[in-house]
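# Per-entry structural report
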Amino acid sequence: MKKIHFIGIGGIGISALARFMKEKGFEISGSDLKESKNTRELQKQGINVFIPHRAENIIDKDLVIYSAAIKEENVEFKEAKKLGIKCLSRKEALPMILEDKKVLAVAGAHGNSTTSSILASLLDESSVIIGAILKNLGSNMIHKINDKIVFEADESDSSFLNSNPYLAIVTNTEAEHLEHYDNDLKNLQNAYYDFLKKAKIRVINAEDEYLANLDLECIKLYPSKDIKECKTIIKDYKAYTSFKLKDYGEFRILGIGYHLALDASLAILAAQKYKSIDEIKANLQSYMGIKKRFDILEANENLAIIDDYGHHPTEIKATLKAAFEYARLLGYKKVSAIFEPHRYSRLLANLKEFKEVFEAVDELIILPVYAAGEKEVSINLKEHFKKALFINDIKREGRYLVADNGRVFDEGLIIGFGAGDISKKLR
């Protein structure tokens with residue numbers, strides 16, 4: 001049995017690959033800098049996880065796969081090279097991991113996790129590898145004895161070009177992770193083109209500025225024309241989105257917002273290649289959402305606490321629109337946002353847009369920047385967000401949230417945004 005060791009196994013994307021390879025029959029181990037909920041779950045599933053990184057962790061391994069966060073000076077990476085063990089980046093390992101599957105790949109700057117998770121619910125016979133936790137399964141990986149796999153393809157390091165897509169969905173092509181593309185939008189767009197060109201079946205948001213002019217044969221969604229009568233329904237504090245798509249009738253999905261209807265529509269158009277519309281509607285009822293996407297942690301007549309992964313202005317704008325609608329329907333008088341900026345590079349590149357998008361909230365609370373390995377950049381955010389409340393920490397105490405300055409947040413709708421550790425604080 002081949003022994004594969006994953007460096008950085010605690011990451012949401014790499015952990016899914018590790019779980020998948022274990023199900024395929026490989027002996028899996030991994031390591032990370034510190035223990036997390038993810039590493040503890042991997043241990044429970046029979047994967048040996050070492051904390052922290054040590055040279056001896058990779059002894060007697062046949063292959064090492066490492067996450068994008070791992071640098072060449074990593075002690076395990078250096079030891080593997082010294083011992084002559086083959087080392088593959090996550091990107092380089094994808095062809096081997098996906099080699100015997102018909103890959104249904106979903107890419108895009110925003111909405112790709114949600115679209116992937118919906119497609120996984122619609123095609124319930126398929127294996128799944130996505131970068132988020134499916135609530136109904138408590139996992140980011142499903143292994144099925146089937147040739148199809150729903151795969152969340154990542155454009156941030158151009159690894160989606162190694163996913164060998166049979167079917168490709170692109171939700172949008174907004175500029176993100178440009179540092180990987182020499183800060184040239186054209187390079188990013190060319191990568192999306194190459195990704196789509198590899199696929200036999202292509203589904204796109206045809207109102208995206210770049211995708212609108214593609215010279216490839218695609219199944220096209222025109223959201224402004226094809227999605228009609230989009231509305232929110234509240235039942236026992238849960239939000240559902242109802243909408244009509246083209247001439248296929250009405251669909252209903254757990255969650256809130258026009259952006260959710262758009263993501264669901266792309267998944268429905270892709271799933272139609274394999275299922276009837278009646279089967280798709282039935283399977284859509286089993287969708288329970290994914291963690292950290294408008295994730296309602298607490299809801300009663302006085303207070304709602306919501307956790308959201310949004311960390312780019314476009315995502316936050318769409319989610320805030322949904323939050324205001326939820327607050328209106330339930331009668332909350334105040335909408336507050338807790339913002340944990342993710343990466344200095346993203347914050348600085350989109351500072352103007354962040355300022356604009358948060359102008360709508362009644363109160364903005366800002367946590368320290370979650371650097372995600374980047375070097376600290378000196379920036380006085382108090383000059384840019386003059387009305388915001390700045391705190392160093394916040395934590396959940398029973399039903400409420402309490403800041404490190406003693407302030408208690410116990411009324412209205414409170415939504416947290418960020419891809420760092422804000423989710424743990426809110427929970």
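Please refer to the structure placed before this passage.
To keep things clear, this report deals only with the structure shown in the data block. (Residues numbered from 1 in each chain as written. Predicted model: local features only at pLDDT ≥ 70, side-chain atom pairs only at ≥ 80, totals over all residues. Heavy atoms only, no water.)

### Examining the overall build of the chain
Scanning the chain from terminus to terminus reveals 14 helices and 24 strands. Computed over its C-alpha atoms, the radius of gyration of the chain comes to 22 Å, within 12% of the 22 Å expected for a compact globule of 427 residues. Seen along its three principal axes, the alpha-carbon backbone of the chain occupies a region of about 60 × 55 × 40 Å. Looking at the chain residue by residue over its 427 residues, the buried ones come to 54%. A sequence separation of at least 24 residues applies to 64% of the contacts in the chain between residues at least 6 apart. (Helix = DSSP H or I, 4+ residues; strand = E, 2+ residues; numbered from the N terminus. Rg over C-alpha atoms; globule rule 2.2 N^0.38 Å. Buried < 20%, exposed > 50% of the residue type's maximum accessible area, 1.4 Å probe, protein only. Contact = heavy atoms within 4.5 Å.)

### Considerations on unusual backbone geometry
The residue after Ile-51, namely Pro-52, is reached through a cis peptide bond having omega -5 degrees. Inspection of the secondary structure assignment puts Pro-52 in the loop between β3 (48–50) and β4 (63–66). Within the chain, Lys-292 stands out as a residue other than glycine whose phi angle is a positive 75 degrees. By the element assignment, Lys-292 lies in the loop between α9 (277–284) and β16 (295–299).

### Comments concerning helix α8 (residues 258–271)
Spacing of three or four residues puts side chains on the same side of an α-helix, whose turn is 3.6 residues. Taking 1.5 Å of rise per residue, 14 residues should cover 20 Å, and α8 covers 20 Å from first to last C-alpha, within 8% of that figure. The buried fraction of α8 amounts to 12 of the 14 residues, a majority that puts the element mostly inside the structure. Among the residues of α8, those classed as buried are Leu-260, Ala-261, Leu-262, Asp-263, Ala-264, Ser-265, Leu-266, Ala-267, Ile-268, Leu-269, Ala-270 and Ala-271. (Expected span 1.5 Å × (residues − 1).)

### Observations regarding the layout of surface pockets
Size it by volume and the second largest pocket reaches roughly 380 Å³. Considering the residues around the second largest pocket, the lining is formed by 19 residues, among which Ala-175, Glu-176, His-312, Ala-349 and Asn-350 are closest to the centre. By residue class, the composition of the lining of the second largest pocket is 5 nonpolar, 6 polar and 8 charged. (1 Å grid on protein atoms, 1.4 Å probe; cavity = no way out; pocket = protein on both sides within 12 Å on 5 of 7 lines; lining within 4 Å. Points joined across faces, edges and corners; volume = space filled by probe spheres on them. Nonpolar A, V, L, I, M, F, W, Y, C, P; charged D, E, K, R; others polar.)

### Points about the packing of aromatic side chains
Here the distance between the centres and the angle between the planes together describe a pair of aromatic rings. Considering all chains together, one arrives at 9 aromatic pairs under this definition. Between Tyr-66 and Phe-77, the aromatic rings sit 5.0 Å apart at their centres with planes inclined by 80 degrees, giving edge-to-face as the arrangement. Linking Tyr-66 in strand β4 with Phe-77 in helix α3 (residues 75–83), this pair joins segments that are 11 residues apart in sequence. The pair Tyr-66 / Phe-77 is uniform in exposure class, with both members buried. (Phe/Tyr/Trp six-rings, centres within 6.5 Å; stacked < 30°, edge-to-face > 60°.)

### Section: the side chain of Glu-340
Locating Glu-340 in the fold gives a position in the loop between β18 (335–339) and α11 (344–349). Within the buried core, Glu-340 has no salt-bridge partner, and the shortest N-O distance to an opposite charge, that of Lys-425, equals 5.0 Å. Setting aside residues up to four positions removed in sequence, Glu-340 forms contacts with Leu-367, Pro-368, Tyr-370, Phe-417, Gly-418, Gly-420, Asp-421, Ile-422 and Lys-425. (Lys, Arg positive; Asp, Glu negative; His and termini not counted. Salt bridge = Lys/Arg side-chain N within 4 Å of Asp/Glu carboxyl O.)

### Topic: the nonpolar core
With 46 residues, the main nonpolar core has Phe-6, Phe-195 and Leu-196 as its most contacted residues. Sorting the residues of this core by element identifies β1 (3–7), α1 (12–23), β4, α4 (90–97), β6 (102–107), β9 (148–152), β10 (165–170) and α6 (185–198) as the ones contributing at least two each. Apart from residues no more than four positions distant in its own chain, Phe-195 is found in contact with Ala-105, Ala-107, Ala-153, Phe-160, Leu-161, Ser-163, Pro-165, Ala-168, Ile-169 and Val-170. (Core = buried A, V, L, I, M, F, W, Y, C linked by side-chain atoms within 4.5 Å.)

### Side note on the sheet that holds β3
Across a sheet, paired strands are connected by hydrogen bonds in the backbone, their directions being either parallel or antiparallel. Across the sheet, 5 strands lie side by side as β3-β2-β1-β4-β5; this open sheet has parallel pairing. Bordering the open sheet on either side are β3 and β5 (86–89), each of which pairs with just one other strand. Taking each pair of neighbouring strands and ignoring which way they run, the sheet shows an average axis angle of 20 degrees. In this structure, β4 lies alongside β5, joined through 4 bridges in parallel fashion. What sits directly across from Tyr-66, in β5, is Ser-89. (Pairing = 2+ DSSP bridges. Axes fitted to C-alpha atoms, helices over the stretch in contact; angles between N-to-C directions.)

### Observations concerning the side chain of Thr-115
By secondary structure assignment, the location of Thr-115 is in helix α5 (residues 112–122). Overall, the relative accessible area of 0% leaves Thr-115 in the buried class. At a separation of 2.7 Å, a polar atom in the side chain of Thr-115 contacts the main-chain carbonyl oxygen of Gly-111. (Polar contact = N/O pair within 3.5 Å; in protein donor to acceptor, adjacent residues only side chain to side chain.)

### What to know about α9
All of the buried residues in α9 are Ile-277, Ile-280, Asn-283 and Leu-284. Angularly, the buried residues of α9 cover 125 degrees about the axis, an arc narrow enough to put them on a single face. (Arc of directions from axis to C-beta.)

### Examining the pattern of salt bridges
The tally for this structure, following the rule as stated, stands at 21 salt bridges. Between Lys-275 and Asp-124 there is a salt bridge, with its nearest N and O atoms 3.6 Å apart. Taken together, the positions of Lys-275 in the loop between α8 and α9 and Asp-124 in the loop between α5 and β7 (127–134) put the pair 151 residues apart, joining distant regions of the chain. Between Lys-425 and Asp-393 there is a salt bridge, with its nearest N and O atoms 2.8 Å apart. You can see Lys-425 sitting in helix α14 (residues 422–426) and its partner Asp-393 sitting in the loop between β20 (389–390) and β21 (394–397), a full 32 residues away along the chain. Within this structure, Asp-124, Glu-125, Lys-148 and Lys-275 form a network of salt bridges that share partners.

### Details of the environment of Ile-149
Position of Ile-149 relative to the elements: it lies in strand β9. With 31 residues separating them in the primary sequence, Ile-149 and Ile-118 have C-alpha atoms 13 Å apart. Residue contacts for Ile-149: discarding those within four places in its chain leaves Phe-20, Leu-98, Lys-101, Lys-102, Val-103, Leu-104, Ser-127, Val-128 and Ile-129.

### Side note on the packing of α1 against helix α2 (residues 37–44)
Following both chains from N to C, one finds α1 and α2 inclined at 5 degrees, their axes separated by 11 Å at the closest point. As far as their axial angle goes, α2 and α1 are roughly parallel. Across the interface between the two elements, Ile-12, Ser-15 and Arg-19 of α1 pack against Asn-38, Glu-41 and Leu-42 of α2. When grouped by side-chain class, the residues that make up the contact of α1 with α2 number 2 nonpolar, 2 polar and 2 charged. (Parallel < 35°, antiparallel > 145°, perpendicular 65-115°, else oblique.)

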